[in-house]
Amino acid sequence: MAAPPLMLDAETRARLWRQLVKAIETYATKVEAGRVTPPLDPARVRAMLARFDFSAPVEALEALDFLVEGLWEFQTHTPHPRYYGLFNPAPTTMGIAGDALVAAFNPQLAAWSHSPLAIEIEQHLVRALGARFGYDPAHCDGTFASGGMEANHTAVLTALVQAFPEFSRLGVHALAAQPVLYVSAEAHHSLLKAARLCGLGTDAVHVIPVDESLRMDPEALASRIARDRGQGFAPFLVAATAGTTSAGAIDPLPAIAEVAAREKLWLHVDAAWGGAAALVPELRPLLDGIEQADSITFDAHKWLSVPMGAGIYFTRHRDILDRAFRIAETYMPREAAELDVLNPFMHSIQWSRRAIGLKVFLSLAVAGWEGYAAAIRHMVAMGGLLREQLEASGWQVVNKTPLPLCCFVDQRHAEGRSAAYLHAVAMNVVGSGKAWISTSRLAGSVPVLRACITNYRTTADDIAALIGALEEARGQLR
Ligand SMILES: Cc1ncc(COP(=O)(O)O)c(C=O)c1O
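Described below are features of the structure shown in this document. (Residues numbered from 1 in each chain as written. Predicted model: local features only at pLDDT ≥ 70, side-chain atom pairs only at ≥ 80, totals over all residues. Heavy atoms only, no water.)

Attention shifts here to unusual backbone geometry. Of note, the bond from Met 308 into Gly 309 is cis; its omega dihedral lies within 30 degrees of zero at -10°. Within the element layout of this structure, Gly 309 appears in the loop between β6 (295-299) and β7 (311-315). Not every positive phi belongs to a glycine, and Phe 87 is a case in point at roughly 65°. For Phe 87, the position within the fold is in the loop between α3 (60-73) and α4 (93-105). Judged by its relative accessible area of 5%, Phe 87 is buried. (Helix = DSSP H or I, 4+ residues; strand = E, 2+ residues; numbered from the N terminus. Buried < 20%, exposed > 50% of the residue type's maximum accessible area, 1.4 Å probe, protein only.)

Here it is as structure tokens:
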């Protein structure tokens, strides 16, 4: 009997796996020799795809080669050591292995009885990483998520359920007053989306000004809460950020925690990127106060360098996920009903989902806390070097953060602070293919160039190459 087309025959499979492993190894070791950025040519990409009308099957190896070559050409290479971007890492080798195994074994993380090991691994990681943030492993809880967006969405939902128990059944419109939450002007916009997804609407997100270091102003927070209460709003959540997306600022967590405690509001800390400081003893004090948070977002697919997506939501309220997500149903597996175990579909937004934690588990098991601390330390050192070299080349770094993220403007150009000039510099660098950087606006208005060390393999040579690309851009824009 011919092998089913979805399985392929043994010989083809053997060749396919060899080719696949070779492609992965070649990419991991050669990515730095190529351009960082792709041509932005939708017509060419679509023309390449036009041959696939799926009426005539193509050979397995040919299809694989098509994808490998296509990804080489048409991708901003986030694993490239000169990608100075938006927290996207070079994936760990063990993370790649973990994700490949997950694809093959396809553990179903809805009911415990279907995936005892994968589910217990994720819970083990929640306790181990939660302890790094200062949570008591015996009492903390959490769930893996697709990324920071889903973890922040979970935070808004759980805070709503805590403050308004009737919300779960009756929804927002049954509440006596409009619930509002607080973020800084530098918070990630996933919190706006989360407010929308929870039915609150984006106007429910009240934005608190930041100080000159781009950190939420706790006094402004306290007075906005008082004003809102006076106007009949129902404050329920403060979402602080530890490591803002644009500038790496860390909100003053102890002072914000004090306000939240006094006002009896849920405190969430979005530490999607900056949370990795918890793994480095000398950086851990930067996160002081995070242990007081009711919930925390942390993305392993950012600074723990595992392949996307791997968000984690932590909480010190053991029952809250259950209260937010438990649903009565009759068709899910019941073999483990008598056991003291957790069914993720009753504990998180997703229902059926892939095993997210296994790539984190393998990476952490093999690197250990020490290995991770060394990698993060290296990236922080590269951030320091970048800062020094920018300053030495006439760029002014305008953000203050101990994390490896520089926001800068040009001191040697008359237009060096204008949005148009800075955009042109970024486009020039990106277009050169030598590096990827971006622009942002601090506190919603001040235009800057932004470069972040996101790759554990970025070296001093890579920093020098970025400085060179910036210099070329400046020269061409004179
Ligand atoms: C601080 C912060 N929170 C949340 C997110 C959203 O995370 P994700 O893109 O994994 O959904 C990001 C993304 O960069 C972020 O920087």
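In this section: the packing of helix α12 (residues 357-392) against helix α14 (residues 460-476). At a minimum axis distance of 10 Å, the contact between α12 and α14 shows a crossing angle of 30°. The orientation of α12 relative to α14 falls into the category roughly parallel. The hand of the α12/α14 crossing is right-handed. Counting all contacts with α12, which are made through Met 382, Leu 385, Leu 386, Gln 389 and Leu 390, the residues of α14 involved are Ala 460, Ile 463, Ala 464, Leu 466, Ile 467 and Leu 470. Of the residues that constitute the contact of α12 with α14, the class distribution is ten nonpolar, one polar and no charged. (Axes fitted to C-alpha atoms, helices over the stretch in contact; angles between N-to-C directions. Parallel < 35°, antiparallel > 145°, perpendicular 65-115°, else oblique. Left-handed = near helix turned anticlockwise from the far one by under 90°. Contact = heavy atoms within 4.5 Å. Nonpolar A, V, L, I, M, F, W, Y, C, P; charged D, E, K, R; others polar.)

A word on the pairing of strand β5 (residues 266-270). Taken across its five residues, β5 has five buried, putting it largely inside the fold. Of the two faces of β5, both are covered, the one formed by Trp 266, His 268 and Asp 270 as well as the one formed by Leu 267 and Val 269. Taken together, strand β4 (residues 234-241), helix α10 (residues 253-262) and β5 form a β-α-β motif whose crossover is right-handed. Sheet topology places β5 next to β6; three bridges connect them, and they run parallel. The residue of β6 that forms the bridge with Val 269 is Ile 296. (Right-handed = clockwise from strand over helix to strand, strands pointing away. Pairing = 2+ DSSP bridges.)

If you walk across this open sheet you meet the seven strands as β1-β7-β6-β5-β4-β2-β3, and the pairing is mixed. The sheet terminates laterally at β1 (141-145) and β3 (205-208), the two strands that pair on one side only. Pairwise comparison of adjacent strand axes, ignoring direction, gives a mean angle of 20° for this sheet. Alignment of β1 against β7, held across five bridges, turns out to be antiparallel. Note on β7: the bridge partner recorded for Phe 144 is Ile 312.

Turning our attention to the site of the ligand. Not every one of the 14 residues close to the ligand is listed here, only the nearest: Met 149, Thr 245, Asp 270, Asp 299 and His 301. Within the side chain of Asp 270, one N or O atom sits 2.6 Å away from a nitrogen atom of the ligand. Here an oxygen atom of the ligand and a side-chain polar atom of His 301 are 2.8 Å apart. The fraction of the free accessible surface of the ligand (380 Å²) that becomes covered by protein chains is 84%. Residue contributions to the shell around the ligand peak at three residues, all from helix α6 (residues 148-163). (Near = heavy atom within 4 Å. Polar contact = N/O pair within 3.5 Å; in protein donor to acceptor, adjacent residues only side chain to side chain. Areas by Shrake-Rupley, 256 points an atom, 1.4 Å probe, with all protein chains shown as cover.)

None of the figures reported here should be taken as evidence of function without further support.
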